[in-house]
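Examining the three-dimensional arrangement
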Amino acid sequence: MTDLPESARRVEEAARAAGLEIAIVEMADSTRTAEEAAGACGCSVAQIVKSLVFRGATSGKPVLLLVSGANRVDEKGVAAHLGEKLKRPDAAYVREVTGYAIGGIPPLGHATPLATYIDRDLLQYDIVWAAAGTPRCVFPTAPQALAEAAGAEVIAVC
Ligand code: 5CA
(Lines give C-alpha, C1' and ligand atoms only; values in the text may rest on other atoms or scores of the structure.)
Protein backbone atom coordinates (compact mmCIF):
# COMPACT_ATOMS: atom_id res chain seq x y z
CA MET A 1 0.00 0.00 0.00
CA THR A 2 1.28 3.44 -0.80
CA ASP A 3 -0.55 5.38 1.91
CA LEU A 4 1.17 3.63 4.81
CA PRO A 5 3.47 5.70 7.04
CA GLU A 6 7.10 5.75 5.92
CA SER A 7 8.20 3.57 8.87
CA ALA A 8 5.68 0.91 7.91
CA ARG A 9 6.80 0.96 4.29
CA ARG A 10 10.37 0.35 5.45
CA VAL A 11 9.16 -2.76 7.31
CA GLU A 12 7.23 -3.97 4.27
CA GLU A 13 10.30 -3.53 2.04
CA ALA A 14 12.62 -5.26 4.51
CA ALA A 15 10.22 -8.20 4.82
CA ARG A 16 9.97 -8.51 1.05
CA ALA A 17 13.77 -8.37 0.74
CA ALA A 18 13.91 -11.21 3.29
CA GLY A 19 11.44 -13.27 1.25
CA LEU A 20 8.37 -12.54 3.37
CA GLU A 21 5.34 -10.89 1.77
CA ILE A 22 3.34 -9.06 4.44
CA ALA A 23 0.10 -7.09 4.38
CA ILE A 24 0.44 -4.30 6.91
CA VAL A 25 -2.74 -3.02 8.52
CA GLU A 26 -2.93 0.49 9.95
CA MET A 27 -5.44 0.25 12.79
CA ALA A 28 -7.75 3.05 13.86
CA ASP A 29 -6.86 2.33 17.48
CA SER A 30 -3.49 2.09 19.24
CA THR A 31 -1.50 -1.14 18.99
CA ARG A 32 1.22 0.27 21.25
CA THR A 33 1.02 -2.53 23.82
CA ALA A 34 0.45 -6.25 23.37
CA GLU A 35 -2.97 -5.93 25.02
CA GLU A 36 -4.03 -3.09 22.75
CA ALA A 37 -2.70 -4.91 19.70
CA ALA A 38 -4.63 -8.07 20.61
CA GLY A 39 -7.82 -6.04 20.93
CA ALA A 40 -7.28 -4.33 17.61
CA CYS A 41 -6.28 -7.54 15.80
CA GLY A 42 -8.98 -9.69 17.34
CA CYS A 43 -6.48 -12.31 18.51
CA SER A 44 -5.20 -13.53 21.86
CA VAL A 45 -2.43 -11.61 23.63
CA ALA A 46 -0.30 -14.74 23.26
CA GLN A 47 -0.41 -14.31 19.46
CA ILE A 48 1.11 -10.84 19.65
CA VAL A 49 4.84 -10.66 18.92
CA LYS A 50 6.59 -8.30 21.33
CA SER A 51 9.87 -7.06 19.83
CA LEU A 52 12.04 -6.40 22.88
CA VAL A 53 15.54 -4.93 22.65
CA PHE A 54 18.15 -5.88 25.21
CA ARG A 55 21.87 -5.20 25.38
CA GLY A 56 24.63 -7.64 26.20
CA ALA A 57 26.17 -6.53 29.50
CA THR A 58 29.74 -7.39 28.46
CA SER A 59 29.69 -7.18 24.65
CA GLY A 60 27.42 -4.12 24.57
CA LYS A 61 25.76 -5.67 21.53
CA PRO A 62 22.02 -5.26 20.96
CA VAL A 63 19.85 -8.37 21.17
CA LEU A 64 16.28 -8.59 19.89
CA LEU A 65 13.87 -11.00 21.54
CA LEU A 66 10.60 -11.76 19.74
CA VAL A 67 8.36 -12.77 22.60
CA SER A 68 4.76 -13.92 22.90
CA GLY A 69 2.60 -11.19 24.41
CA ALA A 70 1.62 -13.69 27.11
CA ASN A 71 5.18 -14.26 28.30
CA ARG A 72 7.59 -12.45 30.55
CA VAL A 73 11.23 -12.91 29.67
CA ASP A 74 13.31 -14.84 32.18
CA GLU A 75 16.39 -12.65 31.70
CA LYS A 76 18.68 -14.99 33.65
CA GLY A 77 17.60 -18.01 31.63
CA VAL A 78 18.06 -16.22 28.31
CA ALA A 79 21.39 -14.81 29.50
CA ALA A 80 22.58 -18.34 30.28
CA HIS A 81 21.67 -19.36 26.73
CA LEU A 82 23.43 -16.34 25.20
CA GLY A 83 26.49 -16.56 27.43
CA GLU A 84 26.26 -13.06 28.85
CA LYS A 85 24.00 -11.06 31.10
CA LEU A 86 21.38 -8.81 29.56
CA LYS A 87 20.60 -5.18 30.31
CA ARG A 88 17.49 -3.22 29.38
CA PRO A 89 18.54 -0.21 27.32
CA ASP A 90 16.72 3.11 27.38
CA ALA A 91 14.28 4.24 24.72
CA ALA A 92 16.87 6.37 22.91
CA TYR A 93 19.17 3.39 22.45
CA VAL A 94 16.27 1.25 21.20
CA ARG A 95 15.43 3.94 18.68
CA GLU A 96 19.05 4.26 17.60
CA VAL A 97 19.67 0.57 16.90
CA THR A 98 16.24 -0.25 15.45
CA GLY A 99 15.33 2.97 13.68
CA TYR A 100 11.84 2.90 15.25
CA ALA A 101 10.17 4.20 18.40
CA ILE A 102 9.01 1.95 21.23
CA GLY A 103 5.47 0.73 20.69
CA GLY A 104 6.09 0.13 17.00
CA ILE A 105 9.36 -1.82 16.97
CA PRO A 106 9.07 -4.41 14.20
CA PRO A 107 10.65 -7.87 14.26
CA LEU A 108 12.78 -7.13 11.19
CA GLY A 109 13.92 -4.22 9.03
CA HIS A 110 16.15 -2.47 11.55
CA ALA A 111 18.69 0.32 11.17
CA THR A 112 21.47 -1.98 12.39
CA PRO A 113 21.80 -5.76 12.41
CA LEU A 114 20.38 -7.28 15.61
CA ALA A 115 21.09 -10.78 16.89
CA THR A 116 17.52 -12.08 16.97
CA TYR A 117 15.81 -14.84 18.96
CA ILE A 118 12.18 -15.95 18.85
CA ASP A 119 10.08 -17.37 21.67
CA ARG A 120 9.26 -21.02 20.90
CA ASP A 121 5.76 -20.46 22.32
CA LEU A 122 4.90 -18.33 19.26
CA LEU A 123 5.43 -21.30 16.95
CA GLN A 124 2.30 -23.12 18.12
CA TYR A 125 0.05 -20.61 16.34
CA ASP A 126 -0.91 -20.55 12.66
CA ILE A 127 -0.86 -16.76 12.68
CA VAL A 128 0.79 -14.20 14.94
CA TRP A 129 0.69 -10.40 14.72
CA ALA A 130 3.74 -8.13 14.97
CA ALA A 131 4.32 -4.39 15.01
CA ALA A 132 5.12 -2.75 11.68
CA GLY A 133 7.07 0.37 12.59
CA THR A 134 4.42 2.57 14.20
CA PRO A 135 2.14 2.25 17.25
CA ARG A 136 -0.88 1.64 14.97
CA CYS A 137 0.63 -0.58 12.27
CA VAL A 138 0.71 -4.37 12.53
CA PHE A 139 0.92 -7.38 10.25
CA PRO A 140 -0.12 -11.01 10.48
CA THR A 141 2.34 -13.75 9.62
CA ALA A 142 3.01 -17.43 10.11
CA PRO A 143 5.52 -17.54 12.98
CA GLN A 144 7.90 -19.98 11.28
CA ALA A 145 8.07 -17.74 8.20
CA LEU A 146 8.73 -14.75 10.46
CA ALA A 147 11.51 -16.61 12.26
CA GLU A 148 13.16 -17.43 8.94
CA ALA A 149 12.83 -13.91 7.52
CA ALA A 150 14.16 -12.38 10.74
CA GLY A 151 17.01 -14.90 10.92
CA ALA A 152 15.82 -15.68 14.43
CA GLU A 153 16.97 -18.60 16.52
CA VAL A 154 14.12 -20.35 18.34
CA ILE A 155 14.62 -20.35 22.13
CA ALA A 156 12.68 -20.72 25.34
CA VAL A 157 12.37 -17.25 26.88
CA CYS A 158 10.70 -18.24 30.12
N1 5CA B 1 3.07 -2.73 19.23
C2 5CA B 1 3.14 -3.60 20.36
C3 5CA B 1 2.84 -5.05 20.06
S4 5CA B 1 2.71 -5.50 18.37
C5 5CA B 1 4.50 -3.49 20.97
O6 5CA B 1 5.39 -2.86 20.42
N7 5CA B 1 4.65 -4.13 22.13
S8 5CA B 1 6.10 -4.35 22.77
O9 5CA B 1 5.86 -5.07 24.00
O10 5CA B 1 6.98 -4.96 21.85
O11 5CA B 1 6.69 -2.94 23.06
C12 5CA B 1 6.57 -2.30 24.25
C13 5CA B 1 7.79 -2.71 25.07
O14 5CA B 1 8.75 -1.69 25.03
C15 5CA B 1 7.49 -2.89 26.55
O16 5CA B 1 7.10 -4.21 26.82
C17 5CA B 1 8.81 -2.61 27.19
O18 5CA B 1 9.58 -3.78 27.31
C19 5CA B 1 9.51 -1.71 26.20
N20 5CA B 1 9.61 -0.35 26.75
C21 5CA B 1 8.60 0.46 27.10
N22 5CA B 1 9.09 1.63 27.56
C23 5CA B 1 10.43 1.56 27.48
C24 5CA B 1 11.49 2.46 27.77
N25 5CA B 1 11.29 3.67 28.23
N26 5CA B 1 12.76 2.06 27.53
C27 5CA B 1 13.00 0.84 27.03
N28 5CA B 1 12.04 -0.05 26.73
C29 5CA B 1 10.77 0.30 26.95
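Whatever comes next refers back to the structure up there.
Attention here is on the structure that accompanies the text. (Residues numbered from 1 in each chain as written. Predicted model: local features only at pLDDT ≥ 70, side-chain atom pairs only at ≥ 80, totals over all residues. Heavy atoms only, no water.)

Structural notes on the overall build of the protein chain
Secondary structure assignment for the protein chain yields 5 helices and 8 strands. Taken from N to C terminus, the helices and strands of the protein chain fall in the order α-β-α-β-β-α-β-α-β-β-β-α-β. Here the protein chain has a C-alpha radius of gyration of 14 Å; the compact-globule value for 158 residues is 15 Å, and the two agree. By principal-axis analysis of the C-alpha atoms, the protein chain measures approximately 40 × 30 × 30 Å. For the protein chain, restricting intrachain contacts to residue pairs at least 6 apart in sequence, the fraction spanning at least 24 positions comes to 61%. For the protein chain, the computed accessible surface area is about 7600 Å², with 50% contributed by carbon and sulfur atoms. (Helix = DSSP H or I, 4+ residues; strand = E, 2+ residues; numbered from the N terminus. Rg over C-alpha atoms; globule rule 2.2 N^0.38 Å. Contact = heavy atoms within 4.5 Å. Areas by Shrake-Rupley, 256 points an atom, 1.4 Å probe, with all protein chains shown as cover.)

Comments concerning the side chain of Thr141
By secondary structure assignment, the location of Thr141 is in strand β7 (residues 137-141). Thr141 sits in the buried class, given a relative accessible area of 5%. Contacts of Thr141, omitting those with residues within four sequence positions, involve Leu20, Asp126, Ile127, Val128 and Leu146. (Buried < 20%, exposed > 50% of the residue type's maximum accessible area, 1.4 Å probe, protein only.)

Observations concerning the nonpolar core
Counting 30 residues, the largest nonpolar core has Val11, Ile22, Ile24, Val49, Leu66, Leu108 and Phe139 as the members making the most contacts within it. Those elements that place two or more of their residues in this core are α1 (6-17), β2 (48-56), β3 (62-68), α4 (91-98), β6 (128-131), β7 and α5 (143-150). Element by element, the count of residues in this core is highest for α5, at 4 residues. When residues no more than four places from it in sequence are discounted, the contact partners of Val49 are Leu66, Val67, Leu122, Val128, Trp129, Ala130, Ala131 and Leu146. Val67, Val78, Leu86 and Val157 belong to the second largest nonpolar core, which has 11 residues in total. (Core = buried A, V, L, I, M, F, W, Y, C linked by side-chain atoms within 4.5 Å.)

Concerning the pairing of β7
Most of β7 sits inside the fold, with 4 of its 5 residues counted as buried. Of the strand pairs in this sheet, β6 and β7 are connected by 4 bridges, and their pairing is antiparallel. Among the inter-strand pairings, Ala130 is bridged to a residue of β7, identified as Phe139. Remark: 5 residues form the turn of the hairpin made by β6 and β7, two consecutive strands paired antiparallel; Gly133 in that turn has positive phi of roughly 100°. (Pairing = 2+ DSSP bridges.)

Quick notes on the site of the ligand
Taken together, the neighbourhood of the ligand is formed by 15 residues, with Thr31, Arg32, Ser51, Arg88 and Gly103 sitting nearest. In this structure, an oxygen atom belonging to the ligand sits 2.8 Å away from a side-chain N or O atom of Arg88. In this structure, Gly103 approaches the ligand through a main-chain N or O atom, which is 2.8 Å from a nitrogen atom. Coverage of the ligand by the protein chains reaches 70% of its 610 Å² of free accessible surface. Considering only residue class, the shell around the ligand consists of 7 nonpolar, 4 polar and 4 charged. (Near = heavy atom within 4 Å. Polar contact = N/O pair within 3.5 Å; in protein donor to acceptor, adjacent residues only side chain to side chain. Nonpolar A, V, L, I, M, F, W, Y, C, P; charged D, E, K, R; others polar.)

Quick notes on the environment of Gly39
Turning to its location among the elements, Gly39 is positioned in helix α2 (residues 34-41). For the pair Gly39 and Asp29, spaced 10 residues apart in sequence, the C-alpha to C-alpha distance is 9.1 Å.

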